[in-house]
Amino acid sequence: MQKTIHIGCDHAAVDLKNAVIRQLEERGLTATDHGTYTADSCDYPDIAHDVCSAVEKEQGTGILLCGTGIGMSMAANRHQGVRAALCTTELHARLARRHNNANVLCLGARMTGVELARAIVDAFLDTDFEGGRHQRRIDKLSC
Ligand code: RB5
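Below you will find a few notes about this structure. All figures in this text were calculated on a predicted structure; none of them were measured in a lab. (Residues numbered from 1 in each chain as written. Predicted model: local features only at pLDDT ≥ 70, side-chain atom pairs only at ≥ 80, totals over all residues. Heavy atoms only, no water.)

**Some remarks on the packing of aromatic side chains**
Scanning the model with the defined rule gives zero aromatic pairs in all. Taking the ring centre of Phe-124 as reference, the NZ or CZ of Arg-97 above it sits at 5.9 Å. (Phe/Tyr/Trp six-rings, centres within 6.5 Å; stacked < 30°, edge-to-face > 60°. Lys NZ or Arg CZ within 6 Å of the ring centre and 35° of its normal.)

Rendered as structure tokens:
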């Protein structure tokens, strides 16, 4: 996994995004913050497309946060080079990496508290893709 993580949120998730950025920095990673930065209402697809374009270009890793995580994951998965996973448990995050080689983690700030979110982020970043039969399945994702 690269040392730079692209991260973005909508107005519903600014506080959780800031907590995740601090966590990434504690881990020695660089967070490239694509906004939003305030509680003023904005449209989550704008942020998702910014983050996911950077992830595709760099073959990197992203984290997207909105109220539920659902809108961000829908927008993110429109990108050919993105496999985004909305995770509400550490197990989701581990399996999203191990089996799906997810490169974007989505979190719902109105659903998931900060301590659980931190654990999910750690699980996502600490788990490698298993390859093998899972690669064959990933190759069949595009239609
Ligand atoms: C914003 O109110 C909310 O709709 C958004 O954060 C997200 O939950 C959408 O999926």
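**Describing the packing of helix H1 (residues 14-26) against helix H5 (residues 114-126)**
Contact pair H1 / H5: the axes reach a minimum separation of 10 Å and the direction vectors enclose 45°. By the angle between their axes, H1 is oblique relative to H5. Where H1 crosses over H5, the handedness of that crossing is right-handed. Taking contact as the criterion, the partners of Leu-16, Ala-19, Val-20, Gln-23, Leu-24 and Glu-26 in H1 are, on H5, Val-114, Ala-117, Arg-118, Val-121, Asp-122 and Leu-125. Partitioning the contact of H1 with H5 into residue classes produces eight nonpolar, one polar and three charged. (Axes fitted to C-alpha atoms, helices over the stretch in contact; angles between N-to-C directions. Helix = DSSP H or I, 4+ residues; strand = E, 2+ residues; numbered from the N terminus. Parallel < 35°, antiparallel > 145°, perpendicular 65-115°, else oblique. Left-handed = near helix turned anticlockwise from the far one by under 90°. Contact = heavy atoms within 4.5 Å. Nonpolar A, V, L, I, M, F, W, Y, C, P; charged D, E, K, R; others polar.)

**Considerations on the nonpolar core**
Considering soluble globular proteins, one finds that nonpolar side chains tend to be buried as a cluster. Ranked by internal contacts, the top residues of the largest apolar core, which has 26 residues, are Val-20, Leu-24, Ile-63, Leu-65 and Leu-107. Counting residues per element, the ones that place at least two in this core are strand S1 (4-9), H1, strand S3 (61-66), helix H4 (90-98), strand S5 (104-108) and H5. By size, the runner-up hydrophobic cluster in this structure holds 14 residues, among which are Ala-48, Cys-66, Ala-84 and Val-104. (Core = buried A, V, L, I, M, F, W, Y, C linked by side-chain atoms within 4.5 Å. Buried < 20%, exposed > 50% of the residue type's maximum accessible area, 1.4 Å probe, protein only.)

**Looking at the site of the ligand**
Residues in contact with the ligand, as listed here, are Asp-10, His-11, Ala-12, Tyr-44, Cys-66, Gly-67, Thr-68, Gly-71 and Arg-110. Measuring from an oxygen atom of the ligand, one finds a backbone N or O atom of Gly-67 at 2.7 Å. Thr-68 is positioned with one of its backbone polar atoms (N or O) 2.9 Å from an oxygen atom of the ligand. Protein burial of the ligand: of its 300 Å² of free accessible surface, 71% is covered by the chains. Split into classes, the residues belonging to the shell around the ligand amount to three nonpolar, four polar and two charged. (Near = heavy atom within 4 Å. Polar contact = N/O pair within 3.5 Å; in protein donor to acceptor, adjacent residues only side chain to side chain. Areas by Shrake-Rupley, 256 points an atom, 1.4 Å probe, with all protein chains shown as cover.)

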